[in-house]
Amino acid sequence: MRVKACGLSDVGLTRAHNEDYFEIDPLHKLYVVADGMGGHSHGEVASQLAVTSIREFIAKSADRDTTWPFGMEPDLAHHANLLKMAVRTAHDHVLRAISKDGSLYGMGTTVVGLLLSGTSAAIAHVGDSRAYRLRGGRLEQITQDHTWVNEQVVAGFLSREQARTHPLKNVVTRALGGESDVLVDVRELEVEPGDLFLLCSDGLTGMLSDADIRDRLASGRSLHEICRTLINDSNARGGIDNITVVLLAIEENGSNGNGEEEGEATR
Ligand code: CA
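First things first, this report covers the structure right here in the doc.

Criteria and thresholds
- Residues numbered from 1 in each chain as written.
- Predicted model: local features only at pLDDT ≥ 70, side-chain atom pairs only at ≥ 80, totals over all residues.
- Heavy atoms only, no water.
- Pairing = 2+ DSSP bridges.
- Helix = DSSP H or I, 4+ residues; strand = E, 2+ residues; numbered from the N terminus.
- Axes fitted to C-alpha atoms, helices over the stretch in contact; angles between N-to-C directions.
- Buried < 20%, exposed > 50% of the residue type's maximum accessible area, 1.4 Å probe, protein only.
- Contact = heavy atoms within 4.5 Å.
- Donors = N, O, S within 2.8 Å, 3.2 Å for Na, K, Ca; no water.
- Salt bridge = Lys/Arg side-chain N within 4 Å of Asp/Glu carboxyl O.
- Polar contact = N/O pair within 3.5 Å; in protein donor to acceptor, adjacent residues only side chain to side chain.
- Core = buried A, V, L, I, M, F, W, Y, C linked by side-chain atoms within 4.5 Å.

## Side note on the sheet that holds strand S9 (residues 196–200)
In space, the five strands of this open sheet follow the order S1-S10-S9-S6-S7, with antiparallel pairing throughout. Of all the strands in the sheet, just strand S1 (2–10) and strand S7 (138–141) have a single pairing partner and so form its edges. Neighbour to neighbour, the strand axes of the sheet diverge by 20° on average, direction disregarded. Across four bridges, strand S6 (residues 130–135) lies against S7 in antiparallel orientation.

## Points about the environment of Val87
Along the polypeptide, Val87 turns up in helix H2 (residues 78–100). For Val87, a relative accessible area of 2% gives the class buried. A sequence separation of 69 residues divides Val87 from Asn18, and the C-alpha atoms of the two residues are 21 Å apart. With sequence-adjacent residues up to four places away left out, Val87 is seen in contact with Ile54, Val111, Ala124, Val126, Leu176 and Val184.

## Quick notes on the sheet that holds strand S2 (residues 20–25)
Across a sheet, paired strands are connected by hydrogen bonds in the backbone, their directions being either parallel or antiparallel. If you trace the five strands from one edge of the open sheet to the other, you get S2-S3-S4-S5-S8, paired in antiparallel fashion. A single partner strand is all that each edge strand has here, and the edge strands are S2 and strand S8 (185–190). Ignoring which end each strand starts from, the neighbouring axes of this sheet average 10° apart. Here strand S3 (residues 30–37) runs beside strand S4 (residues 108–117); their pairing, made up of eight bridges, is antiparallel. Residue pairing for S4: Ala34 is matched across the bridge by Val111. Contacting S2, S3 and S4, helix H1 (residues 42–61) crosses the sheet at an angle of about 155° to S3. Lying over the sheet, H2 contacts S3, S4, strand S5 (120–126) and S8, oriented at roughly 20° with respect to S5.

## A closer look at the coordination of the calcium ion
The protein atoms that coordinate the calcium ion are Asp35 (OD), Asp35 (OD), Asp202 (OD) and Asp241 (OD), at distances of 2.3 to 3.1 Å. Positions of the donor residues of the calcium ion along the chain correspond to the pattern D-x166-D-x38-D. Here Asp35, found in strand S3, pairs with Asp241, found in the loop between helix H7 (223–236) and strand S10 (243–251); they are 206 residues apart in sequence, far enough to count as distant. Under the relative-accessibility criterion, Asp35 is labelled buried at 9%.

## Some thoughts on the pattern of salt bridges
Within the structure shown, the criterion is met by 13 salt bridges. With a closest N to O distance of 3.2 Å, Arg214 and Asp215 form a salt bridge. Residues joined by salt bridges that share partners form a network here, namely Arg135, Glu192 and Asp195.

## Comments concerning the side chain of Arg130
Position of Arg130 relative to the elements: it lies in strand S6. On the accessibility criterion, Arg130 (16% relative accessible area) is buried. At a separation of 2.8 Å, a polar atom in the side chain of Arg130 contacts the side chain of Tyr132. What Arg130 contacts, discounting residues up to four positions off in sequence, is Val112, Gln141, Thr143, Asp145, Leu198, Leu199, Cys200, Thr205 and Asp210.

## A word on the nonpolar core
In terms of nonpolar packing, the biggest core is built from 33 residues, with Ile54, Val87, Val111 and Leu176 touching the most fellow members. Counting only elements with at least two residues in this core, the list comes to S3, H1, H2, S4 and S5. The element best represented in this core is H2, accounting for 10 residues. In this structure, Val111 is in contact with Val32, Val33, Ala34, Ile54, Val87, Ala124, His125, Val126 and Leu176, ignoring residues within four places of it in sequence.

Here it is, written out as C-alpha cells:
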C-alpha cells in the first residue's frame, strides 16, 4: 500500500490571520492539522509550535525503540504510543513557551494527527479538529470533539443539529496549552486500499455538514481538486473561520499515478 496526500489551508473570508497549521510528512507518514487560539495572532504561534514539535518528536523517535520521556502504554501499538507522546510533548512545548513569554498567556491549539505504520493508522486528537474516513462511499467521523456542545450531545441534552448551531459550539474542553496536563484520545484503525482520510479544522465542519463533506470526498476527483472544493464551498457558505484540510488516499502499490505526496498552503 502507498499513500497520496494533499493539504490546503485558507484564512477564510472574515478573519485577519490564519491560525491553522498543517503538516504532511511523507517520510514518516505523519499528517497533522492544528487550529490555534489566543489574542494578537498568538494562535498562529501555538498551532505552528505544536505541529513542528509533533513532527520533530516522530522524526527523532523513528529509529528509537522507546517513547522516552514517557512510559509505553501496553494497550497501544508502538506507533500509537509514539503519536500520543508526540502530542503530549507538543503540549509541554506550548506551556513552556507561555511560561517563557508572559505575553503568550492564553494561547492554545487543537490538534489532530494521523501516523501510519504498515496497514495501521494511529489517530490522536485534542479539541475539535476532526478526522474522517470515507470507505465504500460511507463517511465516518473518527474523532469525538472535545467541546462543551459535544458533551451535551453525548449526554442526550442536545441533538447534533442543535449542537451545530449552538452559540457555545466553539467552546473546547481540551486544548494543548490549556490545563497543566492534557488528555489525548488515541485510536488505531486498519487501513485498506480505497480508504480516504480527511483531517480538518472546525472552519470546514462549521460550514459544511457531514453529507456535504461526504459528497465532495466521494466525487472521484483528484485530492487537490477535492481540497480546493472543500475550501471554496466553505467560503461560499460564509467562510467565517480559517479552513484547513488534509486528505490521504490509501492506494494499492500497483495503482496508477506517481504516488508523490504534495502539500500546499495558502495563507
Ligand atoms: Ca477554528
